[in-house]
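One letter stands for each residue in the lines below.
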Amino acid sequence: MSNDQTIPDTMRAISQDELGGPEVLHEISVPVPAPGPSEVLVRVRATALNPTDWGHRARAGLFLPPPPFVLGWDVSGEVVATGIGVTLFKPGDEVFGMLPYPHGHGAAAEFVTGPARAFARKPANLNHIQSAAIPLAALTAWQALVDTAELRAGQRVLIHAAAGGVGHFAVQIAKARGAYVIGTASAANHEVVRELGADEVIDYRAVDFAEIVSDIDVVIDPIDSEHALRSARTLRPGGIVVSLRANMTADLKAEAEKLGVRIEIMLVEADHTGMSALAAMAAAGTLRPIIAGTFPLADAAKAHALGQTARTVGKLVLTVD
């Protein structure tokens, strides 16, 4: 391990001993971890929240074993030490990235270790709050649109929950790649979705998108299996629904075959190449995070309570002093 900064023995982190509401979250003191081979130790300056955080906090049967655990996957901060074999970064480098999902959690803390290639250099034009808001949600959008759907210029894209964490990045990425973008959002959020680049915005509370949208090439659907099924019916033959929440049921498979389309279920993965592409977009001004609110690390429970209302636009971020 190499470092040129003073690293304390212990750190603050937000943990929980049981599943439940935001009230189960509490601050603890734990040893600062040491980076292993190919890992970096990052001093966390900010970490963003995602729906998966309150999902794992409250429910069993997701991806993690029972608590105690420290949640959080998004990181923006400075490298303070490197493990053997790391060549991408040196102590003092500002980085941002997503810890390997789901088992690499632990970002709601003052320090965190992770694979060096889970990170990229933080764009100089963004602060740590802005950078922390990007990784998990924007990587999800990037991997759905670029890697999975292989989006091409001129294609028609339908993005559900277009004002949400993943959605507001997906709109920007799709537009930057030359797509015609249709987003669904509540009426109150139509203006912000249009400002992000959407060509059309549909009020999902007022109309049934499946009845008015057609000839779609790519759908990004973060809702559920039934919603993915309805989204598939808007596709032209050969189109694709990338679902972030569905279970691949017999009904989904049968409907996809009947329609001549694809339905893919995707989980985000840590990805240096994807993070570097997002960093380049952010540096060029073609990708900007919307910050719904910031909270100090000690107020993580308040941030969770706000986030799980599903009424925020963009991302909630915890700041770490």
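The structure presented is a predicted model; accordingly, all values stated were derived computationally and were not measured.

A. Highlighting the overall build of the chain. Helix and strand counts for the chain stand at 10 helices and 16 strands. Expressed as a percentage of the 321 residues in the chain, the buried residues total 56%. Long-range contacts, defined as pairs at least 24 residues apart, comprise 66% of the intrachain contacts of the chain with a sequence gap of at least 6. With the model as given, the accessible surface of the chain reaches about 13300 Å², and the carbon-plus-sulfur share is 50%.

B. Focus on the side chain of D221. Mapped onto the elements of the fold, D221 is located in strand β12 (residues 216–221). It is R230 that comes nearest to the buried, bridge-free D221 among opposite-charge side chains, at 7.5 Å. Sequence-distant contacts of D221, that is, excluding residues within four places in its chain, are made with H160, H227, A228, S231, V241, V242, S243, L244 and R245.

C. Examining the packing of aromatic side chains more closely. For the coordinates displayed, the defined rule picks out two aromatic pairs. Ring centres of F63 and Y101 lie 5.9 Å apart, and the angle between their planes is 85 degrees; on these two criteria the pair is classed as edge-to-face. Residue F63 is found in the loop between α1 (51–58) and β4 (69–70), and its partner Y101 is found in the loop between β6 (94–98) and β7 (111–115); the two are separated by 38 residues along the sequence. Ring centres of W73 and Y101 lie 5.1 Å apart, and the angle between their planes is 55 degrees; on these two criteria the pair is classed as tilted. Remark: Y101 occurs in the loop between β6 and β7 and W73 occurs in the loop between β4 and β5 (74–82); sequence separation between them is 28 residues. With respect to class, W73 is no different from Y101; both count as buried. Members of the aromatic cluster, connected to one another through ring pairs, are F63, W73 and Y101.

D. Just the nonpolar core, in detail. Counting residues in hydrophobic clusters, the biggest one holds 89 residues, and the most contacted among them are F119, I134, L145, I159, I173, V193 and L278. When residues in this core are grouped by element, the largest group, nine residues, is from helix α3 (residues 135–148). With residues near it in sequence (within four places) discarded, L278 still touches I134, A138, L139, W142, I173 and L287. In terms of nonpolar packing, the next biggest core, distinct from the first, is built from 17 residues, I216, L252, A256 and I263 among them.

E. The environment of I291, seen in detail. Relative to the elements of secondary structure, I291 occurs in strand β15 (residues 291–296). Considering only alpha carbons, one finds I291 and A133, 158 residues apart in sequence, at a separation of 7.3 Å.

F. Focus on the sheet that holds β4. The antiparallel open sheet is built from three strands, whose spatial order is β2-β1-β4. Strand pairing shows two members of the sheet lacking a second neighbour, β2 (26–31) and β4, which therefore form its edges. Bridge count for strand β1 (residues 10–16) against β2 is six bridges, and the pairing is antiparallel. Opposite A13, over in β2, you have I28 as the bridge partner.

G. Structural view of a nonpolar patch on the surface. Residues L62, F63 and L267 make up a contiguous nonpolar surface patch of about 250 Å² in total accessible area. In this fold, L62 is placed in the loop between α1 and β4. Given the relative accessible area of 34%, L62 is considered partly exposed.

H. Up close: the packing of α3 against helix α9 (residues 272–284). At a minimum axis distance of 10 Å, the contact between α3 and α9 shows a crossing angle of 100 degrees. Our classification of the angle between α3 and α9 gives roughly perpendicular. Packed against α3, whose contacting residues are P135, A138, L139 and W142, the element α9 presents G274, M275, A277, L278 and M281 at the interface. Broken down by class, the residue content of the contact of α3 with α9 amounts to eight nonpolar, one polar and no charged.

I. A look at the sheet that holds strand β11 (residues 200–203). Overall, parallel pairing links the six strands, which are arranged β11-β10-β9-β12-β13-β14 in an open sheet. Sheet topology places β11 and β14 (262–265) at the edges, where each strand pairs with a single neighbour. Sheet twist, expressed as the average angle between the axes of neighbouring strands with direction ignored, equals 15 degrees. Relative to β14, strand β13 (residues 235–243) runs parallel, the two being bridged by four bridges. Residue V242 lies in a different strand from β14, and its bridge partner there is E264. Those strands touched by helix α7 (residues 225–232) are β12, β13 and β14, and its axis lies near 160 degrees from that of β13.

Conventions adopted
- Residues numbered from 1 in each chain as written.
- Predicted model: local features only at pLDDT ≥ 70, side-chain atom pairs only at ≥ 80, totals over all residues.
- Heavy atoms only, no water.
- Helix = DSSP H or I, 4+ residues; strand = E, 2+ residues; numbered from the N terminus.
- Buried < 20%, exposed > 50% of the residue type's maximum accessible area, 1.4 Å probe, protein only.
- Contact = heavy atoms within 4.5 Å.
- Areas by Shrake-Rupley, 256 points an atom, 1.4 Å probe, with all protein chains shown as cover.
- Lys, Arg positive; Asp, Glu negative; His and termini not counted.
- Salt bridge = Lys/Arg side-chain N within 4 Å of Asp/Glu carboxyl O.
- Phe/Tyr/Trp six-rings, centres within 6.5 Å; stacked < 30°, edge-to-face > 60°.
- Core = buried A, V, L, I, M, F, W, Y, C linked by side-chain atoms within 4.5 Å.
- Pairing = 2+ DSSP bridges.
- Patch = residues over 30% accessible without salt bridge, like charges linked within 9 Å, V, L, I, M, F, W, Y side chains within 5 Å.
- Axes fitted to C-alpha atoms, helices over the stretch in contact; angles between N-to-C directions.
- Parallel < 35°, antiparallel > 145°, perpendicular 65-115°, else oblique.
- Nonpolar A, V, L, I, M, F, W, Y, C, P; charged D, E, K, R; others polar.

Distances and angles like these do not, on their own, reveal function.
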